[in-house]
Amino acid sequence: MTPLLTLEEVDTYYGAIHILQKVSLHVNEGELVCLLGGNACGKSTTLKTALGMVSPKVGKITFAGEDVTKKNTSHRVKMGIAVVPENRRLFGPMTVLENLKIGAYVRGEADPVDLERVFELFPKLKDRQSQLAGTLSGGEQQMVAVGRALMSRPRLLLMDEPSMGLSPRLVEQSFEMIAGLHAQGISMLVVEQNANMALSVADRGYVLQTGRIVLEGAAGDLAGHDELRRAYLGR
Ligand SMILES: Nc1ncnc2c1ncn2[C@@H]1O[C@H](COP(=O)(O)OP(=O)(O)O)[C@@H](O)[C@H]1O
Ligand SMILES: [Mg+2]
């Protein structure tokens, strides 16, 4: 089986600063993969590299069997990669509905069928579609960010720290939602600091420490692994 996304020995720099070092990972069709690691270890940079927002100096990125290393973000989004960015990044002065419709722009007009599917997943958003996104609670903003990403009918969903800034109850709800999307067959790469939560829903995981993958394996094997604790504490 060809993996949906692969990063092969990727090295990414910001100017002279070497961030990602020989990072290799893959996501198979239908898989939920988590990328774990403490603050500033390069998790967001990995997602940005996958999306083409930063270019690796060395290494190869493929999506759906195509070498996309030299392709820009817009090409990759059109191919079916969608992102729920760190801190959701909604358009605060625009309504919930407008934010959702923006997610469909790569496909042209928003399809009412897709909109209905998002409202089915998040009934609360249907009631609040004319509310300004900036006035929603953190949990509701996350529903909009996920809904916006789903509007493009992505083949792969990248999520950057979905638990960030949410209360423990909402973190739990958020991971229930992620498990629900996984059950629908959506392929996902979820970046998280909350290792326990992420591993409780993921199929596989990778652990990043200062720009290097130090551990990888089945989610069940990673939970409670000594190296996982070391990666978080030994910085
Ligand atoms: N645009 C940038 N320019 C320079 N350094 C950056 C930039 N973005 C991130 N960094 C640095 O790269 C490292 C990894 O950042 P990031 O990938 O955002 O980490 P994480 O998401 O794991 O917290 C950090 O030290 C951060 O300060
Ligand atoms: Mg980050």
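A. Quick look at the overall build of the chain. Per the secondary structure count, the chain includes 10 helices and 10 strands. Its C-alpha atoms put the chain at 45 × 40 × 35 Å along the principal axes. The buried share of the chain, taken over its 235 residues, is 51%. By sequence separation, contacts in the chain at least 24 residues apart represent 68% of the contacts at least 6 residues apart. Looking at the chain as shown, the accessible area adds up to about 10800 Å², and 51% of this sits on carbon and sulfur atoms. Here the chain contributes 26 positive and 26 negative side-chain charges, whose respective centroids are spaced 5 Å apart.

B. Spotlight on the side chain of N99. Along the chain, the position of N99 falls in helix α3 (residues 96-102). Taking relative accessible area as the criterion, N99 reaches 0% and is therefore assigned buried. From its side chain, N99 meets the backbone nitrogen of F91 in a polar contact 2.9 Å long. A distance of 3.4 Å separates a polar atom in the side chain of N99 from the backbone oxygen of M94. Those residues in contact with N99 that lie beyond four places of it in its chain are L90, F91, M94, A133, V144 and R148.

C. Inspection of helix α1 (residues 43-51) at higher detail. Most of α1 is tucked away: 8 of the 9 residues are buried. Buried residues of α1: K43, S44, T45, T46, L47, T49, A50 and L51, and no others. In the stretch just after α1, G52 is the one whose phi turns positive, near 85°.

D. How the structure looks around the coordination of the magnesium ion (ligand 2). S44 (OG) and E86 (OE) make up the full set of protein donors to the magnesium ion (ligand 2), lying at 2.1 to 2.7 Å. Linking S44 in helix α1 with E86 in the loop between β6 (81-84) and α3, this pair joins segments that are 42 residues apart in sequence.

E. Quick look at the site of ligand 1. Around ligand 1 lies a shell formed by Y14, I19, G38, N39, A40, C41, G42, K43, S44 and T45. Contact between ligand 1 and A40: an oxygen atom at 2.8 Å from a main-chain N or O atom of the residue. Note that an oxygen atom of ligand 1 is positioned 3.0 Å from one of the backbone N or O atoms of G42. The leading source of residues in the shell around ligand 1 is α1, at 3 residues. Considered class by class, the residues forming the shell around ligand 1 number 4 nonpolar, 5 polar and 1 charged.

F. View of the sheet that holds strand β2 (residues 17-27). An order of β2-β1-β4-β5 is seen for the 4 strands of this open sheet, with the pairing classed as antiparallel. What marks the edges here is a single partner per strand, and that holds for β2 and β5 (66-67). Together, β1 (5-14), β2 and β4 (58-63) form the strand contacts of α1, whose direction differs from that of β1 by roughly 115°.

G. Spotlight on the sheet that holds strand β8 (residues 187-192). Strand order in the open sheet made by the 6 strands is β6-β7-β8-β3-β9-β10, with mixed pairing throughout. Each edge of the open sheet carries a strand with a single partner, namely β6 and β10 (212-218). Ignoring which end each strand starts from, the neighbouring axes of this sheet average 15° apart. With 5 bridges connecting them, strand β7 (residues 156-160) and β8 associate as parallel partners. Across the sheet, residue D160 finds its bridge partner in β8, namely V191.

H. Highlighting unusual backbone geometry. In this model, A64 sits at a positive phi of 50°, which is unusual for a non-glycine residue. Even without being a glycine, N87 presents a positive backbone phi close to 60°. For N87, a relative accessible area of 47% puts it in the partly exposed group.

I. Local environment of the pairing of β2. Note: β1 against β2, 7 bridges, orientation antiparallel. Residue pairing across strands places T12 opposite L20, the latter belonging to β2. What sits between the antiparallel neighbours β1 and β2 is a turn of 2 residues, in which G15 has the positive phi angle 60°.

J. Examining the packing of aromatic side chains more closely. As enumerated under the stated definition, the model contains 0 aromatic pairs in all. The residue whose ring lies beneath K57 is Y13, and the NZ or CZ to ring-centre distance is 4.2 Å.

What counts, and at which threshold
Residues numbered from 1 in each chain as written. Chains lettered and ligands numbered in written order. Predicted model: local features only at pLDDT ≥ 70, side-chain atom pairs only at ≥ 80, totals over all residues. Heavy atoms only, no water. Helix = DSSP H or I, 4+ residues; strand = E, 2+ residues; numbered from the N terminus. Buried < 20%, exposed > 50% of the residue type's maximum accessible area, 1.4 Å probe, protein only. Contact = heavy atoms within 4.5 Å. Areas by Shrake-Rupley, 256 points an atom, 1.4 Å probe, with all protein chains shown as cover. Lys, Arg positive; Asp, Glu negative; His and termini not counted. Charge placed at Lys NZ, Arg CZ, Asp CG, Glu CD. Polar contact = N/O pair within 3.5 Å; in protein donor to acceptor, adjacent residues only side chain to side chain. Donors = N, O, S within 2.8 Å, 3.2 Å for Na, K, Ca; no water. Near = heavy atom within 4 Å. Nonpolar A, V, L, I, M, F, W, Y, C, P; charged D, E, K, R; others polar. Pairing = 2+ DSSP bridges. Axes fitted to C-alpha atoms, helices over the stretch in contact; angles between N-to-C directions. Phe/Tyr/Trp six-rings, centres within 6.5 Å; stacked < 30°, edge-to-face > 60°. Lys NZ or Arg CZ within 6 Å of the ring centre and 35° of its normal.

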